[in-house]
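The chain contents come next:
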Amino acid sequence: MILRLLSRILILLIIMGAPLFSQAPESPEAVFGFKMGEDRKLVNWEQITSYLQSLDAASDRIKVVELGQTTLERTMLMAIISSTETIADLDKYRRIQAQLARPYELSETDAAALIEEGKTVCLITMNIHSNEIAASQESLELAHQLATADDADTRHILDNVIFLMVPSLNPDGQDMITKWYQSTVGTAYEGSRMPYKYHYYADHDNNRDWFFFSLQESRLMADVLYKEWYPEIVMDQHQMGSTRARFFLPPYSDPVNPNVPPSLMANLNMAGKHMLAEMHDQGFKGLVSGTIFNAYFEGTMSKTPLWHNRIGILTEAASVRYASPMYFPRTSLGGMGIDLPEYKQQTNFLDPWPGGWWRLRDIVEYQKAAALSLLRLSATYRQKFKTNFYQLNKRAIEVKPEDHPLFYLMPQDQHDPGNMLEMLKRLRIANVEVYQAEKDFQMDGRDYHKGDFIIPLAQPTRAYIKDLMEVQRYPNLREYPGGPPRQPYDVTGWTLPMQMGITALPGEKPLTTSYQKVDSLRLDIDTSLVQSGWMAIERRNTNSYRLVNNLQRNNLDILALNEELQGYDAGTFMVWCDEKNREMLQQKSLKYNVQLSPLLPDESMLKIPASKIRPARIGVYQPWISWAYDEGWLRWVLDEFDYEYETLHNDQMRGKYNLNKNLDVIIFGSQRANSIVNGRNIDQRPGEPAVRENYTGGISASGVQRLKNFIEQGGTALFFGDACNLAIDKLKLPVTNALRNYKRDDYFIPGSILEMSLDTGVPLTYGMEKKAHVYINNQIALKLRPYPREIREIGFYNSHHLLKSGWAVGVDKLDGLVGLAEIPLGKGKVILYAFRPQHRSQTYGTFKLIFNALYQ
């Protein structure tokens, strides 16, 4: 009787479709007790991780994978969402994507079969800017809906799309922001900006790292993008300012990058307009397109895939103060760039939002609607998107002889071969194929050698290679005819060989030599040259500084030549080699790709015009202003090259901390002088959150005086970019900023590469060539005044062809001015860098100008 009853219950459960062995996944609201986006409520990274893992356990539509460890050693996750059948066979679909992405030997028939069998792979990334918190909250609702809903719309998506969802591209910052905000709720500080960087190094600039890949998170995602899943469509969800439109979607504004295939941009525009139309149909207001955000600069998560033949979509939602709602009167709302000059209806802004309360929940709704619209589009036009992806990759491989260039050649025999190798490694992260010549050969009448590196452009990443390697010629756009220059979305020049300070030769004719693909990139280092005696480590190799720092950490003495000796330049590093350390030095030489060469076999110091050096004790000024990005990139460079340093805050600069006792060098990244001195203002306008007192102010007048005392008593201070104005104005140096009073009509260089001449006879330029490419993103150049002591004008502009890549208005104003100067002050000195020597960690070619100041 009992068995018969149990049997009937079992049959009834099966008919009703009830799960037998697991619970239906609970909604985020049920788990956390509030709806995602509710006022003053946030979930942190631990909660997001836990919830997504519970979905994975409860649903066969979702698989959560760990991508790796972040900068601060949190686990970065990606959720893969699709139909049950697809999730069970992910390896098959990953293989299909790889074949379509790199169709070297794929016939049209086989390609058609793969397209028919495959799914659209759509990647949506969220919360790269951690204070743009809504997308991380939305991710849980979106995942739950797709994991549980059974309507026709959801089934259509699941059956045709593999949805890759990254709930946060910066888990470290997501956790920091949520905990910071929660600590302020209900206080006068509610909604105040977190005073420290939400990415340990880059803060907001973590979304400028997508072709150089310095950050751990970028590298983890590069594997997903370019080596594992090859998504045809990428969308990155952001938030923007509060007082403009409510939501941005493509099409983008002008200009158009000439290296992006027109058919790809047309498909991107179609996708953006489709999403706009659907969201209008659903009643969303305040949608805008075609303004501010363009697709010329490649370096952001949403745009860089365009150069890899993928659709790249940026969304931007109007912000609130984290999860605290804001009220917007109609008259508080304004235009959005030149293409939406006023807050009123026009073609790209069809239905203005009328104003009122705006909440985190609203942002979640807009972002979720955009995501679902894109997923529906991906499902409906699966074959179209996959076919276009395959065809663009195929066309890139089938480069014609008239296409130029055909390849790039990088000889090993160049001034800084280590920087060349570093550039190649960065390109490999994005799956650019690199080759080496198998024998000596000639090109254009010159001899080249076995082992020289070659990048053919006949590969799917052709547009990407070309855009990074060639010179940028940004169009001379004006706000109106005869008006001032139109502000670009970001920078206008990024040519990698120039930033790296290396030689990369474009090939216009087919190569006649054989070459072989290589995965392991290294230089031809001859370790047999490492033998007993004094070994030379040349400063022309940027990696030599990394090697020297490591050797000093291992308690080896390092000397530097005071003058030229046996063909080695003044400044050349020296280390003593004997049987005890020979093997170790050989291993280090290979590890750092630095050739050690025999200088003198005799240990006698009497015959060597050299001095022992030690690493300087370095202090890096870090303001309580998170958007001072330059400071973070400086720390990245110092960490990468194994320099020890101390971070200095305002209280150390203006308090009792003994600067001279503890430090030899203090460095200020590019930051406005007023911001350094006065910092964040403690005063607030009505309705704005208060700022905690310990995070207000700057170094103050007392800090300036203590800095001056530090220099006069023998210290060295380095000022980058805008920070030069602090030294000029507050330290009363014999120098003026000759560009200070120019208007944008007369002088405007918004992130470009220029040529600077160098005096190579001084220690600061050891290892440099006579010409350097420098990154200019500040309105500053130096004019020196008479002084009773010698001032070194080390870097100067003396050419009528200074602009090398990007855009420059009024570049002639620089002619005859100084970009790098060393000025004595008391017993110490000030070094002014009127450029960005470590711009976003990319300018390896000018790192030596920093490093040479960091030894005593």
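## Observations regarding the overall build of the protein
The number of helices and strands found in the protein is 25 helices and 34 strands. Against the 2.2 N^0.38 benchmark of 29 Å for 856 residues, the protein shows a C-alpha radius of gyration of 29 Å, consistent with a compact globule. Considering only C-alpha atoms, the protein reaches an extent of 105 × 70 × 65 Å along its principal axes. Among the 856 residues that make up the protein, the fraction classed as buried is 61%. Long-range contacts, defined here as pairs at least 24 residues apart, represent 79% of the contacts in the protein between residues at least 6 apart.

## Some points on the packing of aromatic side chains
Overall, the coordinates contain 41 aromatic pairs when judged by the stated rule. For the ring pair Phe328 and Trp353, a centre distance of 6.2 Å and an interplane angle of 70° mean the geometry is edge-to-face. Of this pair, Phe328 sits in strand β9 (residues 326-328) while Trp353 sits in the loop between β9 and β10 (356-358), placing them 25 residues apart in sequence. Since its relative accessible area comes to 4%, Phe328 is described here as buried. Taking relative accessible area as the criterion, Trp353 reaches 8% and is therefore assigned buried. Ring pairing ties together the aromatic residues Phe212, Tyr545, Phe573, Phe641, Tyr643, Tyr844, Phe847, Phe851 and Tyr855, which thus form one cluster. Here the guanidinium or amino end of Arg246 rests over the ring plane of Trp358, the centre of that ring lying 4.8 Å away. Sitting over the face of the ring of Trp180, Arg692 holds its NZ or CZ atom 5.6 Å from the ring centroid.

## Some remarks on the pattern of salt bridges
The final tally for this structure, using the stated rule, is 43 salt bridges. Note that Arg61 is salt-bridged to Asp150, the shortest N-O span being 3.6 Å. Here Arg61 is found in the loop between α3 (45-58) and β1 (62-69), whereas its partner Asp150 is found in the loop between α7 (134-148) and α8 (152-160), with 89 residues between them in sequence. For Asp150, a relative accessible area of 55% gives the class exposed. One salt bridge in this structure joins Arg614 and Asp664, with 3.1 Å as the shortest N-O distance. Taken together, the positions of Arg614 in the loop between β22 (610-613) and β23 (618-621) and Asp664 in the loop between α21 (659-662) and β25 (665-668) put the pair 50 residues apart, joining distant regions of the chain. Accessibility expressed as a relative area gives 38% for Arg614, which makes it partly exposed.

## With respect to unusual backbone geometry
A cis amide bond links Pro250 to the next residue, Pro251, at an omega of 15°. Cis geometry marks the peptide bond from Asp254 to Pro255, where omega comes out at 5°. By the element assignment, Pro255 lies in the loop between β6 (247-248) and α11 (262-281). Notably, Glu73 is not glycine yet its phi reads approximately 65°, a positive angle. Note that Glu73 resides in the loop between β1 and β2 (75-81). A relative accessible area of 65% means that Glu73 is categorised as exposed. Even without being glycine, Asn555 reaches a positive phi, approximately 65°. Within the secondary structure, Asn555 is located in the loop between α17 (543-553) and β19 (558-561). Overall, the relative accessible area of 70% leaves Asn555 in the exposed class.

How each quantity is defined
- Residues numbered from 1 in each chain as written.
- Predicted model: local features only at pLDDT ≥ 70, side-chain atom pairs only at ≥ 80, totals over all residues.
- Heavy atoms only, no water.
- Helix = DSSP H or I, 4+ residues; strand = E, 2+ residues; numbered from the N terminus.
- Rg over C-alpha atoms; globule rule 2.2 N^0.38 Å.
- Buried < 20%, exposed > 50% of the residue type's maximum accessible area, 1.4 Å probe, protein only.
- Contact = heavy atoms within 4.5 Å.
- Phe/Tyr/Trp six-rings, centres within 6.5 Å; stacked < 30°, edge-to-face > 60°.
- Lys NZ or Arg CZ within 6 Å of the ring centre and 35° of its normal.
- Salt bridge = Lys/Arg side-chain N within 4 Å of Asp/Glu carboxyl O.

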